[in-house]
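Chain by chain, the residues:
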Amino acid sequence: MMNRTLAIFAAGIGAFALTACGGADSASGRTQFERENDIAKGSAEAPVTMIEYASVACGGCAAWHESAYPVVQEYIESGDVRFVFREMITGQPQLAIAGFMLAECAPDDRYFDVIDVLFEQQRALFTAMQRGQARDQFESIARSAGLSDDEFRQCMQNEEVLQQVRAASEQASADGIGSTPTFILNGQQLETVSAPSGGGQVWAVNGDPLADASGPIPADFAGETFERIILYFKARAEGRDPAEGAPAATEEAAEPAAATEAATGAATEATEAEAPAEGAETGETAPAQGAEGETSEPAGETAEGSEAANGGEAGDAEGETGDAPAETEATEDEDGAENAPQDGGAG
């Protein structure tokens, strides 16, 4: 078993294959936007570095990973995006802590595989926790990552791994992150503001709406939306005006490209991501940083949260739901609270 114990203090973390993907910094294999202990994938030469602060117990995070992450993955594979994942304890703290500890205990090249499975099975994990069967669900995920049942139990007892997860979450709070998911692209944090036309919300940076050739980019979790966001920041990194669209080799090629962008914009406005129903029941909400309405906010240092590791087994906490993190009250109906960012700007 290959533990990433106390990676937040380890000077040699950059040598890990997962994070050392080549790079803008030949000595570290990282981009200028990363820290030494960051867990990332994609080329360090990519024009866009995307950082996500997220929790495996956050319903909005699971919704984003279901709807938008597959598109982001395509741009990771094409070399256009370097993706950095930063852990933050929000939502149900026991589930978040146990999930992150499991990911940290997995072999280095399986970290993202475990994170993906935790998001995919989030509904099942919430249900299992309510039924007192969380340990069985986590053990199944651990086996899929190559851990034996004994290695899983040792992981849940590992104080160093627990402290690493807590340290990562504390660093996220120190970074000024107030809810999950939160996204930072090339050093600029996404927020939501009212659309210039007055209809709905759009993504923005420092209060300025993001706009491309199709107009302002709507604040939702659709795959098409995040494709537009990636292309926006790629254009800026390459010194191009995002509002002018991608350069075309000929005039004939420009017209179909513009038509495609217009169609993408229209489809995006009609698309919303659906968050897990169990998330709503256990406090999971919050798609966007700083949005009004329900948010997945950081959990405090609760005894219930630490029991997932300190008690010896994940099963120690499985029968309890624990104190949910502090949340703001919803100002929208529950059906829409988890689907997309609510009204408001940066938190």
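Up top is the structure these notes are about.
Residues numbered from 1 in each chain as written. Predicted model: local features only at pLDDT ≥ 70, side-chain atom pairs only at ≥ 80, totals over all residues. Heavy atoms only, no water.

**As for the state of the cysteines**
1) Next: According to the stated counting rule, one finds 1 disulfide in the structure shown.
2) Next: Disulfide pairing is shown between cysteine 105 and cysteine 155; the S-S distance is 2.1 Å. The S-S bond linking cysteine 105 to cysteine 155 shows a torsion near 90°; that makes this disulfide right-handed. Highlighted residues: cysteine 105 in helix α3 (residues 93–105) and cysteine 155 in helix α7 (residues 149–157), separated in sequence by 50 residues. (Disulfide = S-S within 2.5 Å. Helix = DSSP H or I, 4+ residues; strand = E, 2+ residues; numbered from the N terminus.)

**Observations regarding the pairing of strand β2 (residues 48–54)**
The side chains of a regular strand alternate between the sheet's two faces.
1) Next: Across the 7 residues of β2, 7 count as buried, placing the element largely inside the fold.
2) Next: The side-chain alternation of β2 yields two buried faces, one formed by Val48, Met50, Glu52 and Ala54 and the other by Thr49, Ile51 and Tyr53.
3) Next: With 7 bridges connecting them, β2 and strand β3 (residues 81–87) associate as parallel partners. By the bridge assignment, methionine 50 is partnered in β3 with phenylalanine 83.
4) Next: The pairing of β2 with strand β4 (residues 182–185) spans 4 bridges and is classified as antiparallel. Its bridge partner being in β4, isoleucine 51 is matched across the sheet by isoleucine 184. (Buried < 20%, exposed > 50% of the residue type's maximum accessible area, 1.4 Å probe, protein only. Pairing = 2+ DSSP bridges.)

**Considering unusual backbone geometry**
1) Next: Put simply, threonine 180 and proline 181 share a cis peptide bond, and its omega is -5°.
2) Next: Relative to the elements of secondary structure, proline 181 occurs in the loop between α8 (159–174) and β4.
3) Next: Even without glycine at this site, asparagine 186 takes up a positive phi of about 50°.
4) Next: For asparagine 206, which is not glycine, the phi dihedral falls at a positive 55°.

**Focus on the packing of α3 against helix α6 (residues 134–144)**
1) Next: Running from N to C, α3 and α6 cross one another at 20°; their axes reach a closest spacing of 11 Å. As summarised for this structure, α3 and α6 are arranged roughly parallel, according to the angle between their axes. α6 is crossed by α3, and the crossing has right-handed handedness. Residue-level contacts link Leu95, Ala98, Gly99 and Leu102 of α3 to Phe138, Ile141 and Ala142 of α6.
2) Next: Here the residues of the contact of α3 with α6 sort into 6 nonpolar, 1 polar and no charged. (Axes fitted to C-alpha atoms, helices over the stretch in contact; angles between N-to-C directions. Parallel < 35°, antiparallel > 145°, perpendicular 65-115°, else oblique. Left-handed = near helix turned anticlockwise from the far one by under 90°. Contact = heavy atoms within 4.5 Å. Nonpolar A, V, L, I, M, F, W, Y, C, P; charged D, E, K, R; others polar.)

**Structural notes on the packing of aromatic side chains**
1) Next: Enumeration over the complete set of coordinates arrives at 13 aromatic pairs.
2) Next: Ring centres 5.5 Å apart and planes at 75° place the aromatic pair tryptophan 64 and phenylalanine 226 in the edge-to-face group. Placement of the pair is tryptophan 64 in helix α1 (residues 59–67) and phenylalanine 226 in helix α9 (residues 223–237), with a sequence separation of 162 residues.
3) Next: Owing to a relative accessible area of 0%, phenylalanine 226 belongs among the buried residues under this scheme. (Phe/Tyr/Trp six-rings, centres within 6.5 Å; stacked < 30°, edge-to-face > 60°.)

**A closer look at the pairing of strand β7 (residues 201–205)**
1) Next: With 5 of 5 residues buried, β7 lies mostly within the body of the structure.
2) Next: In this structure, strand β6 (residues 191–194) lies alongside β7, joined through 4 bridges in antiparallel fashion. From the neighbouring strand, serine 194 faces β7, where its bridge partner is glutamine 201.
3) Next: Across 2 bridges, β7 lies against strand β8 (residues 208–209) in antiparallel orientation. The residue of β8 that forms the bridge with valine 205 is aspartate 208.
4) Next: Between the end of β7 and the start of β8, which pair antiparallel, lie 2 residues, with asparagine 206 showing a positive phi angle near 55°.

**A closer look at the nonpolar core**
1) Next: Counting 66 residues, the largest nonpolar core has Trp64, Phe83, Leu190 and Phe226 as the members making the most contacts within it.
2) Next: Ignoring sequence-local partners within four residues, the contact set of phenylalanine 83 consists of Ile39, Ala40, Lys41, Met50, Glu52, Trp64, Tyr69, Val72, Ile76 and Phe112.
3) Next: Ala40, Tyr53, Ala172 and Ile184 belong to the second largest nonpolar core, which has 8 residues in total. (Core = buried A, V, L, I, M, F, W, Y, C linked by side-chain atoms within 4.5 Å.)

**Let's talk about the pattern of salt bridges**
1) Next: Under the criterion given, the structure shown has 11 salt bridges.
2) Next: In this structure, glutamate 34 engages arginine 82 in a salt bridge whose closest nitrogen and oxygen atoms are separated by 2.8 Å. Note that glutamate 34 is positioned in the segment before β1 (39–41) and arginine 82 in strand β3, a separation of 48 residues in sequence.
3) Next: We classify glutamate 34 as buried; its relative accessible area is 10%.
4) Next: Look at arginine 82 and you get buried, because its relative accessible area is 0%.
5) Next: Among the ionic contacts, a cluster of salt bridges with common partners joins Arg135, Glu139, Arg143, Asp149 and Arg153. (Salt bridge = Lys/Arg side-chain N within 4 Å of Asp/Glu carboxyl O.)

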